[in-house]
Amino acid sequence: MDTGDTAWILASTALVMLMTPGLALFYGGMVRAKSVVNMMMMSFGALGVISVLWVLYGYSMAFGTDLGGGLLGDPGEFFGLSGLMSPDALSGTIPSMLFVGFQGMFAVITVALVSGSIADRAKFWTWLLFAAVWGTLVYFPVAHWVFAFADGDGGWIADRLLAIDFAGGTAVHINAGAAGLALALVLGRRRDFAKGAHRPHNLPLVMLGAGLLWFGWFGFNAGSAVGANGVAAVALVNTVAATGAAMLAWIVVEKLRDGHATSLGAASGVVTGLVAITPACSALNPVGSLILGVVAGAICSLVVDLKFRLRYDDSLDVVAVHLVGGLVGTIAIGFLATADAPAGVDGLFFGGGVDQLWRQVVGAGAVLAYSFVVTYLIGLVLQRTIGFRVDDDHEVVGVDRVHHGESGYEIGSDEVSEDVVTA
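Quick caveat, the model's predicted, so the values are computed rather than measured. (Residues numbered from 1 in each chain as written. Predicted model: local features only at pLDDT ≥ 70, side-chain atom pairs only at ≥ 80, totals over all residues. Heavy atoms only, no water.)

As enumerated under the stated definition, the model contains 0 disulfides in all. Among the cysteines around Cys300, which has no disulfide bond, Cys281 carries the closest sulfur, lying 17 Å off. (Disulfide = S-S within 2.5 Å.)

Spelled out as structure tokens, the structure:
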């Protein structure tokens, strides 16, 4: 065991855990005042549900011995994390239990990300059930595909396809984005979709959430080196570069298109840059990271408006930021990767041909297709049995009052209550 590596991953685990409350603030500020409690509770609910399942069987499904074909780990091998508390149980140079905790935070935030696509209209208890089922049938298997390295006997994307995904562009962001699109289609559009009634109620909350996500993401990306080493340093600097470039690209597009550079746009650009660099931070040099950030920020800023043209109600732009941003970052590795970076692979622009590019496309496409289809089926079953979408009158009143018996703001409670009911 290396104490330096252990100390860094302990800190990284805490940083990644902080990202889920940060996401709660980010999403909470983006919805209307009558939905802020529910939106934040969906993130906290995911933290509770997935933490329990990860300990029971989720870790084993993701990182247990492969059952064949690189599709799934043995769910019973580490059931209840049995056998992993021994001082001799190591994952590389860190205790196995620490690796369990680190990867568990990835599982939590992936589920929480999906909630942004169904803001204002989802039943809270159905959401918790969805989180449990989706984590079991989608995230845990996909994490095995992408993260289970075992010298040819791990996940098929990691060990057979040899696609590069350093910290979760496929398993986290494409996965959550495709699931968000599927759920948005199952639940349908909000009653007043595209009528200008969905402006964020608290932009400082959005900016605070984005800042916490940016801070926590250093644990997400640099922590994925699973050690205090040069790979972590490269991942950290590339994360800084891509994120700054994406934020600037997003607000430049806003200024040219709408005449204003908004705080919401800046926050969205930050998250877009973080998403895009996540799979690529070990494969690019800093200049390549800047280029990736500019491309991702510009593309995702333009894609946001597609939901109005195509008439799907992705409430908080999970599709534009996480699905499209994840695709851009994952596929860009095939173009911008350089063998000088820790991943040691050249992309098309560095003389590597299309070999790595096709691997990236296949890996991204497989996760997208699997996540979308299975999520759609899960959502459809839940909607037609116990109900997933709230009743129309509950949507008008607000899910905070109906499902939680609370309001996000009680200052001048009589006035606030009237506003909540009539909003």
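On to a nonpolar patch on the surface, then. Taken together, the side chains of Val287, Ile291, Val295 and Ile299 present a nonpolar region at the surface, about 310 Å² in accessible area. Mapping Val287 onto the fold places it in helix H10 (residues 286-303). (Patch = residues over 30% accessible without salt bridge, like charges linked within 9 Å, V, L, I, M, F, W, Y side chains within 5 Å. Areas by Shrake-Rupley, 256 points an atom, 1.4 Å probe, with all protein chains shown as cover. Salt bridge = Lys/Arg side-chain N within 4 Å of Asp/Glu carboxyl O. Helix = DSSP H or I, 4+ residues; strand = E, 2+ residues; numbered from the N terminus.)

Here the focus is the packing of helix H4 (residues 124-147) against helix H13 (residues 355-385). The description of two packed helices rests on the angle between their axes and on the distance between the axes. Across the interface, H4 lies against H13 with an axial gap of 10 Å and an inter-helix angle of 160°. Viewed along their axes, H4 and H13 adopt a mutual orientation that is roughly antiparallel. When the axes of H4 and H13 are compared, the crossing they make is right-handed. Residues Thr126, Leu129, Phe130, Val133, Trp134, Leu137, Val138, Pro141, Val142 and Trp145 of H4 pack against Ala366, Val367, Tyr370, Ser371, Val374, Thr375, Ile378 and Leu382 of H13. (Axes fitted to C-alpha atoms, helices over the stretch in contact; angles between N-to-C directions. Parallel < 35°, antiparallel > 145°, perpendicular 65-115°, else oblique. Left-handed = near helix turned anticlockwise from the far one by under 90°. Contact = heavy atoms within 4.5 Å.)

A separate point is the packing of helix H2 (residues 36-63) against H4. It is at 8 Å that the axes of H2 and H4 come closest, and there the two elements cross at 45°. By the angle class used here, H2 and H4 are oblique. Crossing hand, H2 versus H4: right-handed. In terms of residue class, the contact of H2 with H4 is built from 21 nonpolar, 6 polar and no charged. (Nonpolar A, V, L, I, M, F, W, Y, C, P; charged D, E, K, R; others polar.)

Let us now look at the side chain of Asn202. Relative to the assigned elements, Asn202 resides in the loop between helix H6 (169-187) and helix H7 (203-222). Asn202 sits in the buried class, given a relative accessible area of 19%. If we ignore the near neighbours within four places in the chain, the residues touching Asn202 are Gly29 and Tyr409. (Buried < 20%, exposed > 50% of the residue type's maximum accessible area, 1.4 Å probe, protein only.)

In this structure, Leu81 takes a positive phi of about 65° despite not being glycine. When you line up the elements, Leu81 lands in the loop between H2 and strand E1 (90-91). If you check the backbone angles, Asp317 has positive phi at about 65° while not being a glycine. Mapped onto the secondary structure, Asp317 falls in the loop between helix H11 (306-310) and helix H12 (318-336). Residue Asp317 is classed as buried on the basis of its relative accessible area, which comes to 15%.

Take Thr126: it is sitting in helix H4. Within the structure, the side chain of Thr126 is placed 2.8 Å from the backbone oxygen of Gly387, a separation counted as a polar contact. Here Thr126 is in contact with Leu382, Ile386, Gly387 and Phe388, once residues within four sequence places are set aside. (Polar contact = N/O pair within 3.5 Å; in protein donor to acceptor, adjacent residues only side chain to side chain.)

Purely geometric numbers; function is a separate question.
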